[in-house]
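One letter stands for each residue in the lines below.
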Amino acid sequence: MKKQISLFLVCTLLCGLLGISVGAEEKTQLRFKEDGTFTILQLSDPQDDKEIAKELITFIEKAIETTEPDLIVITGDIVEDSRPVVDFTGDDRPLMEGVGNKDYATALADTKATVEQIFAPIEESGIPYAVTQGNNDYNSGVTNEDWLAIYAQFPNCLTIDESTDAEGKIDQYIPILSSDSDTPAFGLWMLDNGKGFSESQMQWMQNYETGDVPGIVFEHIPTDDIGNLFEECKPWDDGAFADGTTAYRLNKNLATGHAEFAHAPGVKTDEFALWQEQNVIGAFFGHEHTCGYTGEVDGITMGMTYGCQFAKFGPYGVRTLTLHEATGTFTTELYTYADGEFTLQTDEGYEIYDGGIGAFFAKIANVFKYILRSVLYLIKI
């Protein structure tokens, strides 16, 4: 009898463990739909505190409703660290945002309260989601260990730390399985560069076995490679922004969309070379809030995605990526948000002037816009 009871207990324990194992596996498994597509919604920079801007929750709900994604990726700056702002959408602290500059227990409690509110509409949707760390998430003062504990509380949040770097960065590779087998057909790199991207992170990525399936990188801060979508121009040219003492604008022969920050072309980072080694075909970032553009650099489609911090000026928006299993490719679209609705973004080309007095005054106007943009750039930093 004792043996039977013991056997029963062992079987029960094994079944329980098996159930836990299967549940954990199911939580992290993503799969292409029967039609061979998989849609990702990229949200970036909600950057709020426990006094959530009312419009932010509506924004997230509307984004999910509009795009119907299979996965949501949040590319960093979930919380605001701490800064004086003018909140345009009305929370209970219209002149201050942030969870930082407090004792650790308070900062952690405020961070948890903020994350709970931002994740709530995503959890309600039942859609899985993953997160990359942003600079403001680090500046909150909350440790990555506690960030991981926060993420672990949410059933649909896939974020874990898989990297072996000494700095404790939160990096993860998420495979997307084929529609008709358990073989990975695509992979997503969730990379933590909120405080830079270290050599040990590079080594982890380099040593990761992916089976050479196509991959997409998500990070918060754009690498310097994004500058290769820009061209040097004159300060009076439409779309000109300062980077140091030089004017640049988005190169419309290489990229489409809207840029409000300049990046110098000509840099190829070691990380970019690693992407190429690992068959990365896309890399997408946040961080700059009011930029939404897409272009291709040496076979890798790169893009900046709008933010959604409503304590700052827009434009606000999101990005979708639709992966195609059969071809190992993807398509991407940007949406801008205004008056409670999302609109598909179409490219806005630069004006072409035909010379004469009209062009002269237009160039003068653009010089003033360039100076204003440069000042605003410094303020936003």
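Coordinates for the structure precede this section.
In this text the structure is predicted, and so the values were computed from the model without any measurement.

The rules behind the values
Residues numbered from 1 in each chain as written. Predicted model: local features only at pLDDT ≥ 70, side-chain atom pairs only at ≥ 80, totals over all residues. Heavy atoms only, no water. Axes fitted to C-alpha atoms, helices over the stretch in contact; angles between N-to-C directions. Helix = DSSP H or I, 4+ residues; strand = E, 2+ residues; numbered from the N terminus. Left-handed = near helix turned anticlockwise from the far one by under 90°. Contact = heavy atoms within 4.5 Å. Nonpolar A, V, L, I, M, F, W, Y, C, P; charged D, E, K, R; others polar. Buried < 20%, exposed > 50% of the residue type's maximum accessible area, 1.4 Å probe, protein only. Salt bridge = Lys/Arg side-chain N within 4 Å of Asp/Glu carboxyl O. Pairing = 2+ DSSP bridges. Lys, Arg positive; Asp, Glu negative; His and termini not counted. Polar contact = N/O pair within 3.5 Å; in protein donor to acceptor, adjacent residues only side chain to side chain.

Let's talk about the packing of helix 3 (residues 104–125) against helix 5 (residues 144–152)
Phase 1: Taken N-terminus to C-terminus, the directions of helix 3 and helix 5 make an angle of 35°; their axes are 11 Å apart at the nearest point. Here helix 3 runs over helix 5; the crossing is right-handed. For the pair helix 3 and helix 5, contact is made by Tyr104, Leu108, Thr111, Lys112, Val115 and Phe119 and by Asp146, Trp147, Ile150 and Tyr151, respectively.
Phase 2: Considered class by class, the residues forming the contact of helix 3 with helix 5 number 7 nonpolar, 1 polar and 2 charged.

Description of unusual backbone geometry
Phase 1: Backbone torsion omega between Gly314 and Pro315 reads 15°, so that peptide bond is classified as cis.
Phase 2: Mapping Pro315 onto the fold places it in the loop between strand 16 (300–304) and strand 17 (316–324).
Phase 3: Positive phi outside glycine occurs at His289, with the angle close to 65°.
Phase 4: For His289, the position within the fold is in the loop between strand 14 (280–285) and strand 15 (292–297).
Phase 5: Exposure remark for His289: the relative accessible area of 12% places this residue in the buried category.
Phase 6: Here the phi dihedral of Asp339 falls at roughly 55°; this positive angle occurs in a residue that is not glycine.

Quick notes on the pattern of salt bridges
Phase 1: A complete count under the given rule lists 7 salt bridges for this structure.
Phase 2: Where Lys33 meets Asp70, a salt bridge forms, and the shortest distance between an N and an O atom there is 2.7 Å. Here Lys33 is found in the loop between strand 1 (30–31) and strand 2 (37–43), whereas its partner Asp70 is found in the loop between helix 2 (54–67) and strand 3 (71–75), with 37 residues between them in sequence.
Phase 3: Judged by relative accessible area, which is 31%, Lys33 ranks as partly exposed.
Phase 4: On the accessibility criterion, Asp70 (19% relative accessible area) is buried.
Phase 5: With a shortest N-O distance of 3.2 Å, Lys62 and Glu341 are connected by a salt bridge. Remark: Glu341 occurs in strand 19 (residues 341–344) and Lys62 occurs in helix 2; sequence separation between them is 279 residues.
Phase 6: Note on Glu341: relative accessible area 44%, which makes it partly exposed.

A look at helix 6 (residues 199–207)
Phase 1: Among the residues making up helix 6, those that are buried are Ser200, Gln201, Met202, Trp204 and Met205.
Phase 2: Here the buried face of helix 6 lies against strand 7 (172–177), strand 8 (184–190), strand 9 (215–218), helix 7 (270–277) and strand 14.

Let's talk about the pairing of strand 17
Phase 1: The element strand 17 is largely enclosed, with a buried count of 7 among its 9 residues.
Phase 2: Pairing of strand 2 with strand 17, which is carried by 6 bridges, proceeds in the antiparallel orientation. Among the inter-strand pairings, Gln42 is bridged to a residue of strand 17, identified as Arg319.
Phase 3: Hairpin connection of strand 17 to strand 18 (residues 329–338): 4 residues between the antiparallel strands, including Gly328 at a positive phi of 65°.

Describing the sheet that holds strand 7
Phase 1: Spatially, 8 strands are ordered 1-7-8-9-14-16-15-13 in an open sheet, and the strand pairing comes out mixed. With one partner strand each, in any of the chains shown, strand 1 and strand 13 (255–258) form the two edges of the open sheet.
Phase 2: Against the sheet, helix 7 makes contact with strand 9, strand 14, strand 15 and strand 16, and its axis sits at roughly 130° relative to strand 16, the strand it touches most.

Describing the side chain of Asp225
Phase 1: Relative to the helices and strands, Asp225 resides in the loop between strand 9 and strand 10 (230–232).
Phase 2: For the buried residue Asp225, which engages in no salt bridge, the nearest side chain bearing the opposite charge is Lys268, 6.6 Å off.
Phase 3: Polar side-chain contacts of Asp225 include one of 2.7 Å to the side chain of Thr223.

Describing the environment of Asp182
Phase 1: Topologically, Asp182 is positioned in the loop between strand 7 and strand 8.
Phase 2: Asp182 sits 152 residues away from Leu30 along the chain, and the two C-alpha atoms are 9.9 Å apart.
Phase 3: Look past the residues within four positions of Asp182 in its chain and what remains in contact with it is Arg31 and Leu177.
Phase 4: Here Arg31 takes part through its side chain, which lies 2.7 Å from a polar atom of the side chain of Asp182.

Some remarks on the sheet that holds strand 6 (residues 129–132)
Phase 1: Within the open sheet, the 6 strands sit side by side as 6-3-2-17-18-19. Their pairing is mixed. Unpaired on one side and paired on the other, strand 6 and strand 19 mark the two borders of the sheet. Sheet twist, expressed as the average angle between the axes of neighbouring strands with direction ignored, equals 25°.
Phase 2: Judged from the 4 bridges that link them, strand 3 and strand 6 form a sheet pairing that is parallel. Paired with Val73 across the strands is Ala130, a residue of strand 6.
Phase 3: The strands touched by helix 2 within the sheet are strand 2, strand 3, strand 17, strand 18 and strand 19, with strand 2 carrying the most contacts at an inclination of about 165°.

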